[in-house]
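These are the residues of each chain, in order.
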Amino acid sequence: MEQVKITITVKSPTLIASSSTAGVLTATRGSIDGRILRGVFASHFIKSHNLGKEAHKNQEFMDLFYGDLRFVSAYKDTVKGTSFPAPLSLQKNKHPKDNDSVIDLFTGKDLVGFKGLKGFIVQDGTNCSPVQIETAIRLHMSRSSGKERIQGRSKEGNIFNYEFLEPNQVFVGIVVGPKTALETFVHQFPKQLDCYIGRSRYTEYGHCEVEIGEITSIPTPESVKDSVYVRLHTPLLLGNESISNVIGDAVQEIGSDISIGGIHASYQEEQNFNSIWGVRSSSEFAASAGSVIKLVKESGWTQEDLDKLQHILYNGMGSRVQEGYGQGRFWTPDEFKMVKLEKPKIAGVTSLHQSTKELTRKILEKQVILNARLRAANDVDTYIKPRFN
């Protein structure tokens, strides 16, 4: 199994609507879901092949987007690497000035005075850094009728607020699948493309640039002695089953002696909207990204077992795996040190682009001419007009 890195640069305010949205505030997620990533390429394919609403009848389309490829959520990129949802087993000290340790509950250590670590993190060895997603809120006035749109105001005074991802942030996701399927995918799309995603993308929101990377192999898992720990990289859809049953069914092919040794999880509802067909999906129960599961194998874990498990984790567990749901990654419980994330170093400008030079020259010429006219007018007022008075 191989992977292709997808880099998304946010160019304008972008709103990825969250399910936990209040009446007057539409909140945004801190990541770009796999279903959105999949939708970007699906929309481009539909337009380039003029498929309209008959895309499901095209076999190539079905192979790309309903076949072996997995479109995995994009998380914010940093100077230390790409972030990921903080494992729910991680605990930080309530008073970080006194103790900057971050300890995993699975280590079995006494964690009195600690609390859960939320949001996104990036790991660098034994260092752990929280990743801040830059967001802002903008006020809008509701103009529903055609007359209100022309007038540019609402008679009833209805307002709403959008929380959005601020521009110039970079998010990195991946597309996972067999090498042949990924080669078809890479050859189907340009290396770079513009797109509009999220809420109100037909107005002022959602402009992004997408770049497709090279095909690389998925990481090889390191050998372990006892238990294996898995963190959910994306939400795991459960349906009417428990998280234990869904994961147990997924890893059953490795061996019948695998059991769940412990779980730290939270849960959420997932509901999406398909803009191509204009329908909303049914609400589904899911284990949240960041949930951590301990897997125990009585006969011990061989390297072959770990390779099989790695394939299962990248292939996805549960349902709707093509949209990136059910992705898992290996996790090693440990004690980490909380460190502040370094800001990216901005390289100094050494030269200007030719178009910038040309624009600057035109602005300066215009300003010189304007200054000459102002001085000429001043000379007329000072020296010429007094002679005729």
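Everything here concerns the structure above.
Remember, predicted model here, so these are calculated numbers, not experimental data. All residue numbers here refer to positions counted from 1 along the written sequence of the relevant chain. pLDDT decides what is reported in this predicted model: residues at 70 or higher carry local features, side-chain atom pairs at 80 or more are listed and counted, and totals for whole chains, interfaces and linings draw on all residues regardless. Hydrogens and waters are ignored; side-chain quantities use all the structure's heavy atoms.

### Comments concerning the overall build of the protein
A helix here means a DSSP run of H or I that spans at least four residues, while a strand means a run of E at least two residues long, and both kinds are numbered starting from the N terminus. Within the protein, the regular secondary structure consists of seven helices and 25 strands. With a 1.4 Å probe rolled over the protein chains alone, any residue whose accessible area is under 20% of its type maximum counts as buried; one over 50% counts as exposed, and the rest are partly exposed. Burial status across the protein gives 41% buried among its 389 residues. We call two residues in contact when some of their heavy atoms are within 4.5 Å. Across the protein, the fraction of contacts at a sequence separation of at least 24, relative to all contacts at a separation of at least 6, is 73%. To be clear on the numbers: accessible area is Shrake-Rupley with a 1.4 Å probe, and residue cover counts the displayed protein chains and nothing else. Carbon and sulfur atoms form 50% of the exposed surface of the protein, whose accessible area is close to 22000 Å².

### Considering the packing of aromatic side chains
When the centres of two rings from Phe, Tyr and Trp lie within 6.5 Å, Trp using its six-membered ring, the rings pair. Their planes under 30 degrees apart give stacked, over 60 give edge-to-face, and anything left gives tilted. In total, this model carries 18 aromatic pairs according to the counting rule given. For the ring pair Phe-41 and Phe-71, a centre distance of 6.3 Å and an interplane angle of 35° mean the geometry is tilted. With a gap of 30 residues between them, Phe-41 in helix 1 (residues 34–48) and Phe-71 in strand 3 (residues 70–78) connect regions that are remote in the sequence. Classification of Phe-71 by relative accessible area gives buried; the value is 0%. Here Phe-185 and Phe-189 contribute two aromatic rings whose centre-to-centre distance is 5.2 Å and whose plane-to-plane angle is 55°, an arrangement assigned as tilted. Just as Phe-185 is buried, Phe-189 falls in that class too. Clustering of aromatic rings is evident, with ring pairs tying together Phe-41, Phe-45, Phe-61, Phe-65, Tyr-66, Phe-71, Phe-185 and Phe-189. Geometrically, a charge over a ring is one whose NZ (Lys) or CZ (Arg) sits within 6 Å of the ring centre while staying within 35 degrees of the ring normal. Lying across the ring of Tyr-66, Arg-38 places its NZ or CZ 4.5 Å from the centre. For Arg-231, the ring lying beneath its charged end belongs to Phe-84, and the centroid distance is 4.0 Å.

### Let's talk about the sheet that holds strand 18 (residues 258–264)
Read across the sheet, four strands follow the order 18-23-16-24 without closing on themselves; strand pairing throughout is antiparallel. Looking at which strands have only one partner, the edges of the open sheet turn out to be strand 18 and strand 24 (328–331). Recorded for the sheet is a direction-independent mean angle of 30° between the axes of neighbouring strands. In this analysis, strands are considered paired if DSSP registers two or more bridges between them. The sheet contact formed by strand 18 and strand 23 (residues 292–297) spans six bridges and is antiparallel. Lines fitted to C-alpha atoms define the axes here, with helix axes fitted over just the stretch in contact, and angles between the N-to-C directions of these axes take values from 0 to 180 degrees.

### Quick notes on unusual backbone geometry
Phi angles above zero are rare outside glycine, and Asn-50 is one such case at about 50°. With respect to the element layout, Asn-50 can be found in the loop between helix 1 and helix 2 (59–65). One non-glycine residue, Arg-320, lies in the positive phi region at around 55°. Arg-320 gets classed as buried once you look at its relative accessible area, which sits at 19%.

### A few points about helix 1
Given a helix with a known number of residues, its expected span is that number minus one, times 1.5 Å. Under the 1.5 Å per step criterion, the end-to-end length of helix 1 is 21 Å for 15 residues, consistent within 8% with the ideal 21 Å. Taken together, the buried positions of helix 1 are occupied by Gly-34, Arg-35, Ile-36, Leu-37, Arg-38, Val-40, Phe-41, Ala-42, Phe-45 and Ile-46. Asn-50 occupies a position one or two residues after helix 1 and carries a positive phi of about 50°.

### Brief notes about the nonpolar core
Here, nonpolar core means buried Ala, Val, Leu, Ile, Met, Phe, Trp, Tyr and Cys residues that are tied together by side-chain atoms lying within 4.5 Å of each other. Ranked by internal contacts, the top residues of the largest apolar core, which has 40 residues, are Ile-6, Phe-41, Phe-65 and Phe-185. For this core, the element with the most residues is helix 1, which contributes seven residues. In contact with Phe-41, not counting residues within four places along its chain, are Ile-6, Phe-65, Phe-71, Phe-185, Phe-189, Leu-193, Val-210 and Ile-212. Counting 21 residues, the second-largest nonpolar core is a separate cluster that includes Leu-236, Ile-243, Leu-295 and Ile-312.

### Observations regarding the sheet that holds strand 3
Reading across from one edge, 4-3-13-1-15-14 is the order of the six strands in this open sheet, with antiparallel pairing throughout. The strands lining the two open edges of the sheet, one partner per strand, are strand 4 (81–82) and strand 14 (192–196). The strands touched by helix 4 (residues 179–188) within the sheet are strand 1 (2–10), strand 3, strand 13 (170–177) and strand 15 (207–217), with strand 1 carrying the most contacts at an inclination of about 35°.

### As for the pattern of salt bridges
In the sections that follow, a salt bridge refers to a side-chain nitrogen of Lys or Arg positioned within 4 Å of a carboxyl oxygen of Asp or Glu. Scanning the entire structure with this criterion turns up 16 salt bridges. When the shortest N-O distance is used, the salt bridge between Asp-33 and Arg-29 registers 3.2 Å. Of the two residues, Asp-33 and Arg-29, both sit in the buried class. Between Arg-361 and Glu-358 there is a salt bridge; the shortest N-O distance is 2.4 Å. Taken together, the residues Arg-361 and Glu-358, both in helix 7 (residues 354–384) and three residues apart, mark about one turn of the helix. Several salt bridges converge on common partners, so that one network encompasses Arg-29, Asp-33, Arg-35 and Glu-270.

The values are spatial; any link to function lies outside them.
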